[in-house]
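# Chains, contacts and geometry: an overview
Take a look at the letters that make up each chain.
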Amino acid sequence: MEREHWQWQELGTAWKGAGLYHITLTVTDRQPLLGILDIPDSNPAKARVSRSAFGDALVDCLMSIPVYHPEVRVLHFCLMPDHLHAVLYVQRRMEKGVGTLARGFWQAAKKLGRACTYSGSPSFISPNPIRAELKEGSARLQNLSTALRKQLGEESYYSLRPVFDEMPFIRAMSRYSQLPNTIRYLDMNPQRLATKRMKPGFFRVQKDIEIGGRRYDGVGNVALLMAGAYAPVHVRHTLVEKARYGDNQELRDYKNGCVLKARQAVVMVSPFISPDEKQVLQVLLNEQHPFILLADNGFRDYYKPADSLFDACAAGRLLILSPWPYDGQKRHISRADCVALNAMAEEICERMNKELAQSE
């Protein structure tokens, strides 16, 4: 198969090319209609989602996509109490595009949602005559819709809440290497939700954290703002340039110095933007040192840190601060943002160290 150029979806575009797509369908207001999170032995690693009948029917609906679109395979999915993730593999060019596919799936899911509304229960436990048809899944979805419309009338049927008010979010994977990471992300969803529920304080977005007259929103362990010492991690351009021309000793010394400070219980503060700063971050994570990360975007609803940052947050070793509100359109950090965040990291360290010195 010839690989085409894949990119993030832009408003108004219709992807038709072969590729991998990650779609997410979310219940309006995040109601847990699709299942219940079980945490056996209070161990997040054992967490799993027990599906409701609605969740089962939605999964059946998802798995029926290849019936209507033979060029598409459902590679992987994860059903959560309030949303569904799926990875679709489009094997050849589509006639109408993945956006049309997603809209069709959405319309089918809304039919299930109206049945859920009519039943009065996400588990469909009421003695409704429609219930038996619904539990047979998406294969009889059209019959269900027709039966409801006949039983209720068009106006009453369409006044039923569809449960899914917004189309699925679609993200194209720009390269094949993203697939294993995406699958791991999906598989870890129950464990991460369980961790958030068991340690809500570390994952709740906290507003207006004031440091030196500047206000931040934060996620993580705010007690890190009461540590004994702070130091920034900011690899200067001059060190990188010297290393590029063969003199890398200063750069190595600087990075080693940052790690040594962390080993001495100094809380390192940085946006960790450059590759060299990310190397320091990886050591902090590997050695389980606490640190403060400055983010270039704020926190959306139901935010959770990704991958290894999540584990550090759950363990109380991380505080993420952002001086700016969440912007759903932002995708890339600007140079101005980099400069501003590095300056804030140094400002935080200077102010916190000064306050600590005055309190002694």
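Just above sits the structure.
Keep in mind that this is a model prediction, so the values were computed, not measured.

Turning next to the overall build of the protein chain. Broken down by element type, the protein chain carries 12 helices and 12 strands. Out of the 360 residues in the protein chain, the part that is buried amounts to 46%. Accessible area for the protein chain stands at about 18,800 Å²; split by element, carbon and sulfur atoms hold 49% of it.

Read across the open sheet, the 6 strands follow the order 7-8-12-11-10-9; overall the sheet is mixed. Sheet topology places strand 7 (206-211) and strand 9 (230-232) at the edges, where each strand pairs with a single neighbour. Sheet twist, expressed as the average angle between the axes of neighbouring strands with direction ignored, equals 30°. Sheet topology places strand 10 (residues 267-270) next to strand 11 (residues 291-294); 3 bridges connect them, and they run parallel. Opposite Ser270, over in strand 11, you have Leu293 as the bridge partner.

Glancing now at the nonpolar core. In this structure, Phe54, Leu58, Phe105 and Phe164 are the most contacted members of the largest nonpolar core, which totals 35 residues. Contributing elements (two or more residues each) for this core: strand 1 (19-26), helix 1 (53-63), strand 4 (72-79), strand 5 (83-90), helix 3 (98-119) and strand 6 (169-172). For this core, the leading source of residues is helix 3, giving 9 residues. When neighbours within four sequence positions are excluded, Leu58 is seen to be in contact with Leu25, Leu34, Leu79, Leu84, Phe105, Ala109, Leu112 and Phe164.

Moving on, we come to the sheet that holds strand 4. With respect to topology, 4 strands assemble into an open sheet ordered 4-5-1-6, the strand pairing being antiparallel. Each of the sheet's edge strands pairs with one partner strand only, and the pair in question is strand 4 and strand 6. Averaged over all pairs of adjacent strands, the angle between strand axes in this sheet comes to 20°, irrespective of strand direction. Across 7 bridges, strand 4 lies against strand 5 in antiparallel orientation. Bridging from a neighbouring strand, Phe77 pairs with Ala86 of strand 5.

With respect to the element layout, Asn342 can be found in helix 12 (residues 335-359). A relative accessible area of 9% means that Asn342 is categorised as buried. Here Asn342 is in contact with Val233, His234, Pro271 and Glu277, once residues within four sequence places are set aside.

All buried positions along helix 11 (residues 307-314) are accounted for by Leu309, Phe310, Ala312, Cys313 and Ala314. On its buried face, helix 11 sits against helix 7 (178-198), strand 8 (214-220), helix 10 (275-286), strand 11 and strand 12 (318-322). Within two residues after helix 11, Gly316 carries a phi angle of roughly 80°, on the positive side.

Quick look at helix 7 now. An ideal rise of 1.5 Å per residue puts 30 Å on 21 residues; helix 7 measures up with 29 Å between its terminal C-alpha atoms. Along its length, helix 7 reaches its greatest deviation from straightness, about 45°, at Asn189, and the proline Pro190 lies no more than four positions downstream. Buried within helix 7 we find Gln178, Leu179, Thr182, Leu186, Met188, Asn189, Pro190, Arg192, Ala194, Thr195 and Lys196.

Here we take up the packing of helix 9 (residues 249-263) against helix 10. Remark: helix 9 packs on helix 10, axes separated minimally by 10 Å, with the N-to-C direction vectors making an angle of 30°. Regarding the angle of helix 9 to helix 10, the classification is roughly parallel. For the element pair helix 9 and helix 10, the recorded crossing hand is right-handed. Counting all contacts with helix 9, which are made through Leu251, Lys255, Cys258, Val259 and Ala262, the residues of helix 10 involved are Asp276, Gln279, Val280, Val283 and Leu284.

Here we come to the pairing of strand 7. Both strand 7 and strand 8 contribute to a ladder of 4 bridges, which runs antiparallel. Residue pairing across strands places Ile211 opposite Arg214, the latter belonging to strand 8.

What follows deals with unusual backbone geometry. You will see that Asp208, though not glycine, has its phi angle at about 55°, which is positive. For Asp208, the position within the fold is in strand 7. Positive phi is not limited to glycine here, since Gln288 has a value of about 60°. Structurally, the position occupied by Gln288 is in the loop between helix 10 and strand 11. Exposure remark for Gln288: the relative accessible area of 52% places this residue in the exposed category.

Applying the stated criterion across every chain yields a total of 4 aromatic pairs. Centre to centre, the rings of Phe272 and Phe291 are 5.8 Å apart; their planes meet at 85°, and the pair counts as edge-to-face. With Phe272 in the loop between strand 10 and helix 10 and Phe291 in strand 11, this residue pair connects regions lying 19 residues apart in the sequence. The buried category is assigned to Phe272, whose relative accessible area is 4%. Over the face of the ring belonging to Tyr302 we find Arg30, whose NZ or CZ atom lies 4.3 Å from the ring centre. The ring of Trp106 has Lys110 sitting right over it, with the charged end atom 3.9 Å from the ring centre.

Rules of the game
Residues numbered from 1 in each chain as written. Predicted model: local features only at pLDDT ≥ 70, side-chain atom pairs only at ≥ 80, totals over all residues. Heavy atoms only, no water. Helix = DSSP H or I, 4+ residues; strand = E, 2+ residues; numbered from the N terminus. Buried < 20%, exposed > 50% of the residue type's maximum accessible area, 1.4 Å probe, protein only. Areas by Shrake-Rupley, 256 points an atom, 1.4 Å probe, with all protein chains shown as cover. Pairing = 2+ DSSP bridges. Axes fitted to C-alpha atoms, helices over the stretch in contact; angles between N-to-C directions. Core = buried A, V, L, I, M, F, W, Y, C linked by side-chain atoms within 4.5 Å. Contact = heavy atoms within 4.5 Å. Expected span 1.5 Å × (residues − 1). Bend = angle between axes of the 7 residues up to and from the residue. Parallel < 35°, antiparallel > 145°, perpendicular 65-115°, else oblique. Left-handed = near helix turned anticlockwise from the far one by under 90°. Phe/Tyr/Trp six-rings, centres within 6.5 Å; stacked < 30°, edge-to-face > 60°. Lys NZ or Arg CZ within 6 Å of the ring centre and 35° of its normal.

That's the geometry; what it means functionally is another story.
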